[in-house]
Amino acid sequence: MDAEAQDSFREFVENRSSALLKTAVLLSGGDRHAGEDLLQSALMKAADRWHRIDEPEAYVRQILYRQQISRWRLKWPRRELSVAEPPEAAAGPDGAAAAELRLLMRGALARLTARQRTVLVLRYFEDLPEADVARLLGCTVGTVRSTTHRSLARLRSLAPELGALSPADSESRPSRDFSPVEVRP
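Keep in mind that what you see is a predicted model, and the values were worked out from it rather than measured.

**Q** Can you walk me through the overall build of the protein in this structure?
**A** Across its full length, the protein carries 8 helices and 0 strands. Ordered by position in the sequence, the α and β elements of the protein form the string α-α-α-α-α-α-α-α. A burial count over the protein gives 28% of its 185 residues as buried. A sequence separation of at least 24 residues applies to 59% of the contacts in the protein between residues at least 6 apart.

**Q** Even after reading the chapter, I still don't get the packing of aromatic side chains, so can you show me in this structure?
**A** What describes a pair of aromatic rings is the distance from one ring centre to the other and the angle between the planes of the rings. Summed over all chains, the structure comprises 2 aromatic pairs. Taking the centre distance of 5.0 Å and the plane angle of 80° together, the rings of F9 and W50 count as edge-to-face. In this pair, F9 sits in helix 1 (residues 3–27) while W50 sits in the loop between helix 2 (32–48) and helix 3 (56–73), placing the two residues 41 residues apart along the sequence. Overall, W50 belongs to the buried group, its relative accessible area being 7%. Consider the rings of F12 and W50, whose centres lie 5.3 Å apart with planes at 50°: the pair is tilted. Of this pair, F12 sits in helix 1 while W50 is found in the loop between helix 2 and helix 3, placing the two residues 38 residues apart along the sequence.

**Q** What should I look at first to understand the nonpolar core in this one?
**A** Looking at soluble globular proteins, one finds that nonpolar side chains tend to be buried together. Within the largest apolar cluster, 18 residues are counted, with the highest numbers of intra-cluster contacts made by F12, L20, L39, L43, W50, V60 and L64. Contributing elements (two or more residues each) for this core: helix 1, helix 2 and helix 3. Examining the composition of this core, we find that 7 residues originate from one element, helix 1, more than from any other. Filtering out sequence-adjacent residues up to four positions away, L64 remains in contact with L20, T23, A24, L27, L38, L39 and A42.

**Q** Help me understand the packing of helix 5 (residues 114–125) against helix 6 (residues 130–137), please; the structure alone is not making it clear to me.
**A** Helix-helix packing: each pair is described by the crossing angle between the helix axes and the interaxial distance. Running from N to C, helix 5 and helix 6 cross one another at 140°; their axes reach a closest spacing of 9 Å. Considering the angle they form, helix 5 stands oblique to helix 6. With respect to the hand of their crossing, helix 5 and helix 6 are arranged in right-handed fashion. Taken together, the residues of helix 6 that come into contact with helix 5 (itself represented by T118, V119, L122 and R123) are E130, V133, L136 and L137. Looking at the contact of helix 5 with helix 6, its residues break down into 5 nonpolar, 1 polar and 2 charged.

**Q** I tried to follow the confidence of the model for the protein on my own but got confused; where do I start?
**A** Do not read the fine detail of predicted coordinates wherever pLDDT is low. Here the protein averages 79 in pLDDT, while 78% of its residues score no lower than 70. The low-confidence segment residues 166–185 (pLDDT under 50) makes 29 contacts with residues lying over four places distant or belonging to another chain.

**Q** What's the story with the pattern of salt bridges in this structure? I'm lost.
**A** It is possible for side chains of opposite charge to pair when their charged atoms get near one another. What the rule picks out here adds up to 7 salt bridges. Here D7 makes a salt bridge to R10, at a shortest N to O gap of 3.7 Å. Residue D7 and its partner R10 are located together in helix 1, separated by 3 residues, close to a single helical turn. Accessibility expressed as a relative area gives 46% for D7, which makes it partly exposed.

**Q** Teacher, can you tell me more about helix 5 here?
**A** Since one α-helical turn is 3.6 residues long, residues separated by three or four positions face the same way. Along helix 5, the residues classified as buried are Q116, V119, L120, L122, R123 and Y124. Packing partners of the buried residues in helix 5 comprise helix 4 (95–110), helix 6 and helix 7 (141–158). Count one or two residues on from helix 5 and you reach D127, which has phi positive near 60°.

**Q** Would you explain the side chain of Q68 in this entry?
**A** Mapped onto the secondary structure, Q68 falls in helix 3. At 3.4 Å, the side chain of Q68 forms a polar contact with the backbone oxygen of L27.

**Q** Explain the side chain of S151 to me, please; I cannot follow it from the model alone.
**A** Examined against the element boundaries, S151 turns out to sit in helix 7. In contact with S151, other than residues within four places in its own chain, are L112, Q116 and L120.

Here is what the cut-offs are and how they apply
- Residue numbers restart at each chain and count upward from 1, following the sequence in its written direction.
- Local features in this predicted model are restricted to residues of pLDDT 70 or higher, and side-chain atom pairs are both shown and tallied only at a pLDDT of 80 or more, whereas totals for entire chains, interfaces and linings draw on every residue.
- Calculation of side-chain values draws on the structure's entire complement of heavy atoms; hydrogens and water are dropped beforehand.
- Helix and strand labels come from DSSP, where a helix needs a run of H or I of at least four residues and a strand needs a run of E of at least two; each type is numbered from the N terminus.
- Classification of residues uses two cut-offs on accessible area relative to the type maximum, computed with a 1.4 Å probe and protein chains only: under 20% is buried, over 50% is exposed, and between them is partly exposed.
- Here a residue-residue contact requires only that any non-hydrogen atoms of the pair lie within 4.5 Å.
- Two aromatic rings, drawn from Phe, Tyr or Trp (for Trp, its six-membered ring), form a pair once their centres lie within 6.5 Å of each other, and the interplanar angle then sorts them: stacked below 30 degrees, edge-to-face above 60, tilted otherwise.
- In this description, a nonpolar core means a group of buried Ala, Val, Leu, Ile, Met, Phe, Trp, Tyr and Cys residues linked to one another through side-chain atoms lying within 4.5 Å.
- The convention used is that axes are lines fitted to C-alpha atoms, helices contributing only their stretch in contact, and that angles between N-to-C directions extend from 0 to 180 degrees.
- Each angle receives one of four descriptions, namely roughly parallel if under 35 degrees, roughly antiparallel if over 145, roughly perpendicular if within 65 to 115, and oblique otherwise.
- Rotating anticlockwise by less than a right angle from the far helix to the near helix defines a left-handed crossing, while the corresponding clockwise rotation defines a right-handed one.
- Only Asp, Glu, Lys and Arg are considered charged, only Ala, Val, Leu, Ile, Met, Phe, Trp, Tyr, Cys and Pro nonpolar, and every remaining residue, Gly among them, polar.
- A score from 0 to 100, pLDDT tells how confident the predictor is in each residue.
- When a carboxyl oxygen of Asp or Glu is within 4 Å of a side-chain nitrogen of Lys or Arg, the pair counts as a salt bridge.
- Pairing of N or O atoms within 3.5 Å defines a polar contact, subject to two protein rules: one partner must be a possible hydrogen donor and the other a possible acceptor, and residues neighboring in sequence count only if both atoms are side-chain atoms.

In structure tokens, the structure reads:
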């Protein structure tokens, strides 16, 4: 953009930006920040073509309308949420113990057959009733029950270390046995 076009563009922005901002805010549903973003991107597009524009205000308004329509058409609207402080993940009492348990469980599940793993994941991780698991797998409820029983027994034999969790974990369990509730990865 040459010096004359820059001066012309700067003058246009100084004189018309407040009126264009009102339009942009209304187009963005009353959100001033979204309106400012909309106007800024419209002005950037207009600046690239400034030397070819005959009616600058009509051109910028047309860009505003088209950009807002494009935002409406987005499959997932991209909205930013402003907060005073960034959210921090709350640290658990012992993240290392939980990570170790997850790794043990993942390794133990990997050593099961695909059918056994599927039944346990559907029953305990997805928390589906036996009838739904049977329907999904195309078998009877009795088959799901027996497969669950055998899978848990095999899991106990393959990973006895899961039964020897920390004392804090064992206090919350009714017994030292590996119960179905503990199968969650």
